[in-house]
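Below, each chain spelled out in residue letters.
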Amino acid sequence: MICGLLISQLGFATTEGNFQSAVSGTVTDADGVPLPGASVVVKGTTTGAQTDFDGNYSITASSDATLVFSYVGYASKEIAVNGQSTINVSLSEDLNELDEVVVLGYSTQTRGDLTGSVASVDVGEATKVPVVSVGEALQGRVTGVTVTTPGQPGDAPVIRVRGYGTTNVNGPLFIIDGVQTQDASILNSINPADIDQYNVLKDGAAAIYGARAANGVIIVTTKSGGYNMEKATLSVDTYTGFSKVGDLPGLLTAQQHGDMIFQSQSNSGVTPDHPQYGNGSNAVVPTQLQGVPVAATVQPGGTDWLDEIFRTAPTQSINVSLQNGTESGKSFLSLGFLNRDGVQEFTGYKRGIVRANTEFKIGKRVKIGEHMGVSFSETRAGNQVGTALRTSPLIPVYDDAGAFAGSYTAAAGLGNTENPYAILSRAQDNYRTELRVFGDVYASVDILDGLQFKTSLGVDVKAFDGRFFNPKNPEHSEARSTNTLTEEDYNRYEWVWSNTLSYNKTFGDHNVNAVVGVEALETRQKGKNISRNDYLFEDPNFYLLSNGTAPPTIGFAYDNSSSLYSIFGTANYSYKSRYLFTATVRRDKTSRFAEGNQVGVFPSFSAGWVASEEDFFNVDFINRLKIKASWGQLGNQELPVANPYLNISEISESGSFYPFDGASPTTGAQLSAVGNPDIKWETSETKNIGFEMDMLDSRLSLGFEYYQIDTEDLISQDNSLISTTAIDAAAPYVNFGSMRNKGFDLSIGYIDQTDSGFSYGVTANISHYKNEVTELITDFYTGDSFRQGAVTRTEVGRPISSFYGRVVEGIFQSDAEVSAHATQAGAAPGRLKYKDVNNDGVINDEDRDYIGSPHPDFTYGLNLTAGYKNFDLSAFFTGSSGNDIYYHQRIYTEFPTFFNLNRTTAVLDAWSTSNTGGSVPALSTSVVNEETNPNSYFVEDGSYFRLKNLQLGYNLPSEITEKMGMSNFRVYLQGTNLFTITDYSGMDPEVGARNARTIGVDTGTYPISKIYTLGVNLKF
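Conventions adopted
Residues numbered from 1 in each chain as written. Predicted model: local features only at pLDDT ≥ 70, side-chain atom pairs only at ≥ 80, totals over all residues. Heavy atoms only, no water. Helix = DSSP H or I, 4+ residues; strand = E, 2+ residues; numbered from the N terminus. Rg over C-alpha atoms; globule rule 2.2 N^0.38 Å. Buried < 20%, exposed > 50% of the residue type's maximum accessible area, 1.4 Å probe, protein only. Areas by Shrake-Rupley, 256 points an atom, 1.4 Å probe, with all protein chains shown as cover. Lys, Arg positive; Asp, Glu negative; His and termini not counted. Charge placed at Lys NZ, Arg CZ, Asp CG, Glu CD. Pairing = 2+ DSSP bridges. Salt bridge = Lys/Arg side-chain N within 4 Å of Asp/Glu carboxyl O. Core = buried A, V, L, I, M, F, W, Y, C linked by side-chain atoms within 4.5 Å. Contact = heavy atoms within 4.5 Å. Domains from an automatic or database assignment. UniProt positions renumbered as here; feature names shortened; annotations may be inferred. Phe/Tyr/Trp six-rings, centres within 6.5 Å; stacked < 30°, edge-to-face > 60°. Lys NZ or Arg CZ within 6 Å of the ring centre and 35° of its normal. Patch = residues over 30% accessible without salt bridge, like charges linked within 9 Å, V, L, I, M, F, W, Y side chains within 5 Å. Axes fitted to C-alpha atoms, helices over the stretch in contact; angles between N-to-C directions. Polar contact = N/O pair within 3.5 Å; in protein donor to acceptor, adjacent residues only side chain to side chain. Expected span 1.5 Å × (residues − 1). pLDDT = per-residue confidence, 0-100.

1. A word on the overall build of the chain
Now for step 1: When helices and strands are counted, the chain shows nine helices and 53 strands.
Now for step 2: Here the C-alpha radius of gyration of the chain, 33 Å, is about what a compact globule of 1020 residues would show, namely 31 Å.
Now for step 3: Of all 1020 residues assigned to the chain, the portion counted as buried reaches 51%.
Now for step 4: Roughly 43,300 Å² of accessible area belongs to the chain as shown, and the carbon and sulfur atoms make up 54% of that amount.
Now for step 5: Seen as two clouds, the 72 positive and the 113 negative side-chain charges of the chain have centres 3 Å apart.

Given below as structure tokens:
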């Protein structure tokens, strides 16, 4: 009996110690905000649950069990049940970068689970630079992205993801809080201080955007506030400073110019004689311009026109933001103003931005919200670098009466360029204004735990207005006889309606994250350009089309639209966050192509393996190793025209009206653009393989990816289909070839902190791509034509837009060398020596060859950071290596394309019998030996290394800021573009592209300026 009682009591005790009971509670973040979808798992079992919309959970567990609470982006927490029936948990954010939630457009993933090529910008570091466009913040910050920064304030940067992948529109797709556009100028309408996250999709990960994703996708997410904030947060960021141009090319003084003129005449067998410099044995600089109708004093040493058009320009910026949140809503509001005067006189850019992002809960399952940005900008553009390089140094800015001076008459021997300072001054009342409204409204419903429906309607409205007055210029040798006012405006409306159903669920070690959706998008553009001549008063108050006296002229007018309808889906699967799989497919139907070619299907697949999670992996210094690979097909429907498959006709007063009776014109129509009903999608197949590795307790990180992108059915205009004697119509767009880009992206970083509290970090990235045209329907295509013809050619086996011309082997030194060389018309000592490429003994156009490539071997970025106590320091470098530039301006500044114009000091090293080692051909009165035709003399190495930004900051101690009622007060000094190391002789080695077939040709780049600023960051 006693034994039975003991056994009974022992059994009761065992049961009592391990009984199953319900445990419930709420999971929140550190601020008390509920975390819906948080995982609650009984440790050591597959029993689990997820929190609902309000962060509530309920789970059955034994009294001695341990519960594991986890949520994406937060540190997991383990709590013993110990018989408790209610356990409320607060999770802290996990600073581990792997758990960061990355916005991928329609969905999100943790960084550690990504299998595609997704690069993220360190927003805090990138936005230190005082940029105009947030596109500039990408430069050197992420692998695989090249950015050419414009010097003209307000111009959009040129962004390329993994090189040039097409012969038409190469710009990426931009997603701003769900709003889609391929207009890079939208990045000018975003306040850098408003950015929360900045991601770039570079491979098959972009396939979710199908027909618009071939050139990559850039996703910008702005700040949104937070729920249950203890108090509102007010931030003020402001800086002021100035900008100035860097090193300028040397120009000839008036005396050097006169000596150059006389030497040129002597070399050409002409007795020196010039209307300004006289006809003696030496050139004599006049004190007054000779043979002109006004008194104009020549400045001592002559006028340095580059000094005249450049200035020290002020810049100011202020941004104010307010974040707040309650249990039922959150908000982010901001205001921003930027004033950036250009370093060229009378140029500049002003912009104001307002942003409002809000979200509210309705009940337990519904959220509604909106993102809305409004910007207004005014640009006063102008670039007279080319003119300033060439204008005669004899001409002063003003004549003695205070009017603008000029070349007056051809007989005066002062050249035919306009006074560059006068051009800028007279254009100071011209403007380009742009109003931009973009954003979305959305609603989401949590149907079940893990299952959510979301609908979003996004809009992008752009209203442009420009006024340009071209006044008379009586001081010019080719003076305009009338003045002209041109007004231009256009409006573009783009809306996108997206509906998605997402499912995110964890089943023990398995996680499924899937999205299906349908989307409709429409774009409409409408604009016109109207000019009118003969204005009585050249006064901005009089600049209205109604005040001109000549009949108005319509430069252009257009109204077009296009649409896209899409169905898409993506699914991500993870097992133990060790084996990762993603599959995506999108079907697009576009209005841009004819029936039968309108539909495209774009699939992608990717996989990842976190090898370091395997039991057999035992490498002490490697904390994490992930291997990943992807394949996908991407589309490109973007073209400069809306409907390339249609013939476009127009009624044109100037082109299609004809007076058959010799008096009254008869109305007519003309074909303005030839369509091609057979045109179809460009399709890019992308392959990507790489790895990510963290080492040395995650202090050292390394990432590497190798990729290959094959693009078929390239689209471009085929001008060969329109003969020179045919109608004046735009050539049709055709599918004319294929192209391949292959390369690699490499990133490395190291961060650490010493025991004394000194922290430091080094991050570097390097990217390489090789472009090759693999198929064309014709032998070759040329780029844009310049004064001496096209300088680029696109041909199978070569990179797109390769430089093409004669190969210069040097300068002839003697008559004997001329005689020993192949027959070359114009050959003589002191003249360029061309290579006989085909070895036929005669130099002609058959001896042209490829003479350079505008594509870099590498682009790179290097960021250095350090901090000690309240001080912080950062230095950011960026550069390019191996790219060539065709410096077209040298046909004017080193050759007598226009004899009387000025030259750069390079001609002081012109070849002569006493300077046989000269680097410039012998001076002459006219171009000989076809030396300004495309040739390798004008091709220069465009490599550069630039200190992009240097900043030193100091945070006031907390005991001081608390007394001031602030949570943070930081002051900083900053220098931008402080130095550039380059062998390029032009103004700036960052030379953009006219189009995909004309890359890297410098016709007078507006140089990037050095900027010096003092700023403060305040937080209340």
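2. Regarding the sheet that holds strand 46 (residues 884–887)
Now for step 1: Reading across the sheet, the three strands line up as 47-46-52 and stay open at both edges, with mixed pairing between neighbours. Edge positions in the open sheet fall to strand 47 (939–941) and strand 52 (1001–1002), since each of these has one partner strand only.

3. Some points on the pattern of salt bridges
Now for step 1: This structure, assessed with the given rule, holds 45 salt bridges.
Now for step 2: The salt bridge partner of Asp 460 is Arg 436, with a shortest N-O separation of 2.9 Å. A residue pair is termed long-range when its members are at least 10 positions apart, and Asp 460 in strand 23 (residues 451–470) and Arg 436 in strand 22 (residues 431–448) qualify at 24 residues.
Now for step 3: For Asp 460, a relative accessible area of 1% gives the class buried.

4. So, the nonpolar core
Now for step 1: Counting residues in hydrophobic clusters, the biggest one holds 64 residues, and the most contacted among them are Leu 289, Leu 306, Phe 310, Leu 394, Leu 414, Tyr 886 and Tyr 937.
Now for step 2: The set of elements that each furnish at least two residues to this core consists of helix 3 (254–267), helix 4 (305–309), helix 5 (385–390), helix 6 (420–426), strand 41 (808–811), strand 42 (832–834), strand 46 and helix 8 (890–893).
Now for step 3: If one sorts the elements of this core by residue count, helix 3 sits on top with four residues.
Now for step 4: With near-sequence residues (within four places) excluded, Leu 289 lies in contact with Gln 276, Ala 296, Val 298, Leu 394, Ile 395, Pro 396, Gly 406, Tyr 408 and Leu 414.
Now for step 5: Counting residues in each nonpolar core, the second largest holds 23 residues, with Leu 138, Val 142, Ile 190 and Val 220 among its members.

5. Some thoughts on the domain arrangement of the chain
Many structure descriptions define interface size as the accessible area lost when the parts assemble.
Now for step 1: Taken domain by domain, the chain consists of domain 1 (20–90), domain 2 (101–242) and domain 3 (645–678).
Now for step 2: For domain 1 versus domain 2, the distance between C-alpha centres works out to 36 Å.

6. Thoughts on the UniProt feature "domain: TonB-dependent receptor plug" (unreviewed entry) in the chain
Now for step 1: Feature annotation in UniProt assigns "domain: TonB-dependent receptor plug" (unreviewed entry) to the following positions: residues 113–217.
Now for step 2: Annotated as 4% helix and 25% strand, the span residues 113–217 places its first and last C-alpha atoms 19 Å apart.

7. A look at the packing of aromatic side chains
Now for step 1: Per the counting criterion, the structure on display carries 36 aromatic pairs.
Now for step 2: Ring geometry for Tyr 398 and Phe 404: centres 5.2 Å apart, planes at 15°, overall stacked.
Now for step 3: With relative accessibility at 15%, the residue Phe 404 sits in the buried group.
Now for step 4: In this structure, Arg 390 is placed above the aromatic ring of Tyr 892, and the distance from its NZ or CZ to the ring centre is 4.3 Å.
Now for step 5: One cation-aromatic arrangement involves Arg 890 over Tyr 937; the distance from NZ or CZ to the ring centre is 4.3 Å.

8. Notes on the environment of Ser 243
Now for step 1: Here Ser 243 is to be found in strand 17 (residues 233–245).
Now for step 2: Classification of Ser 243 by relative accessible area gives buried; the value is 0%.
Now for step 3: Counting along the chain gives 344 residues from Ser 243 to Arg 587, while the straight-line C-alpha distance between them is 49 Å.

9. Some words on a nonpolar patch on the surface
Now for step 1: A surface patch of nonpolar side chains, about 470 Å² in accessible area, is lined by Val 445, Ile 447, Leu 448, Phe 453, Leu 501 and Val 516.
Now for step 2: Here the nonpolar patch gets three residues from one element, more than from any other, and that element is strand 22.

10. Examining the pairing of strand 1 (residues 20–29)
Regular strands show a simple pattern: their side chains alternate between the two faces of the sheet.
Now for step 1: Pairing of strand 1 with strand 4 (residues 56–62) involves seven bridges; the strand directions are antiparallel. By the bridge assignment, Ala 22 is partnered in strand 4 with Thr 60.
Now for step 2: Summarising the sheet, strand 1 and strand 7 (residues 89–91) pair through three bridges and their orientation is parallel. Looking at the pairing, Thr 28 lines up with Ser 90 of strand 7.

11. Some words on unusual backbone geometry
Now for step 1: The residue Ser 577 is not glycine, and still its phi comes out positive at about 50°.
Now for step 2: Mapped onto the fold, Ser 577 is located in the loop between strand 26 (553–575) and strand 27 (579–590).

12. A look at the sheet that holds strand 40 (residues 802–806)
Now for step 1: Across the sheet, which stays open at both edges, the four strands sit in the order 36-39-40-43 with antiparallel pairing between neighbours. The open sheet has two free edges, formed respectively by strand 36 (780–782) and strand 43 (848–852), since each of these has just one partner strand. Adjacent strand axes in the sheet meet at a mean angle of 45° when their direction is disregarded.
Now for step 2: As defined by bridge partners, strand 39 (residues 792–795) adjoins strand 40 across two bridges and the pair is classed as antiparallel. Its bridge partner lying in strand 40, Arg 793 is registered against Ser 802.

13. Structural notes on the environment of Thr 782
Now for step 1: Here Thr 782 shows up in strand 36.
Now for step 2: We classify Thr 782 as partly exposed; its relative accessible area is 37%.
Now for step 3: Note: C-alpha distance between Thr 782 and Asp 307 (475 residues apart in sequence) is 37 Å.
Now for step 4: Residues within four places of Thr 782 in sequence aside, it is in contact with Ala 790, Thr 792, Arg 793 and Arg 997.

14. Notes on the side chain of Thr 484
Now for step 1: Locating Thr 484 in the fold gives a position in strand 24 (residues 484–507).
Now for step 2: Of note is the side chain of Thr 484, whose polar atom sits 2.7 Å from the side chain of Asn 533.
Now for step 3: Setting aside its immediate chain neighbours within four residues, Thr 484 contacts Phe 468, Phe 469, Asn 470, Ser 531, Arg 532 and Asn 533.

15. A few points about the side chain of Ser 377
Now for step 1: Within the secondary structure, Ser 377 sits in strand 21 (residues 366–380).
Now for step 2: Every residue in contact with Ser 377, bar those within four places of it in the chain, is listed here: Tyr 349, Lys 350, Arg 351, Arg 432, Thr 433 and Glu 434.

16. Thoughts on helix 3
Residues separated by three or four positions in an α-helix point in the same direction, a consequence of the helix having 3.6 residues per turn.
Now for step 1: The end-to-end C-alpha distance of helix 3 is 20 Å, a good match for the 20 Å that 14 residues give at a rise of 1.5 Å each.
Now for step 2: The complete set of buried residues in helix 3 reads Ala 254, His 257, Gly 258, Met 260, Ile 261, Phe 262, Ser 264 and Gln 265.
Now for step 3: Phi for Gly 269, located one or two positions after helix 3, is positive at around 75°.

17. Brief notes about the confidence of the model for the chain
Now for step 1: In the predicted model, the chain carries a mean pLDDT of 91, and 96% of its residues have values of at least 70.
Now for step 2: Low pLDDT, under 50, characterises residues 1–17; the predicted model gives this stretch three contacts beyond four residues in sequence or across chains.

18. Things to note about the pairing of strand 20 (residues 348–362)
Now for step 1: Relative to strand 20, strand 19 (residues 329–341) is paired through 13 bridges, and the arrangement is antiparallel. Counterpart to Arg 340 in the pairing with strand 20 is Tyr 349.
Now for step 2: Two successive antiparallel strands, strand 19 and strand 20, enclose a turn made up of six residues, where Phe 346 displays a positive phi of approximately 65°.
Now for step 3: As paired strands, strand 20 and strand 21 are joined by 15 bridges and run antiparallel to one another. Looking across to strand 21, one finds that Lys 361 is bridged to Lys 367.
Now for step 4: Once strand 20 ends, the chain turns through three residues before running back antiparallel as strand 21, passing Gly 363 with a positive phi of about 70°.

19. Quick notes on the environment of Leu 104
Now for step 1: Residue placement: Leu 104 occurs in the loop between strand 8 (101–103) and strand 9 (108–110).
Now for step 2: With relative accessibility at 11%, the residue Leu 104 sits in the buried group.
Now for step 3: Setting aside its immediate chain neighbours within four residues, Leu 104 contacts Gln 109, Leu 114, Val 118, Leu 201, Tyr 209 and Ile 219.

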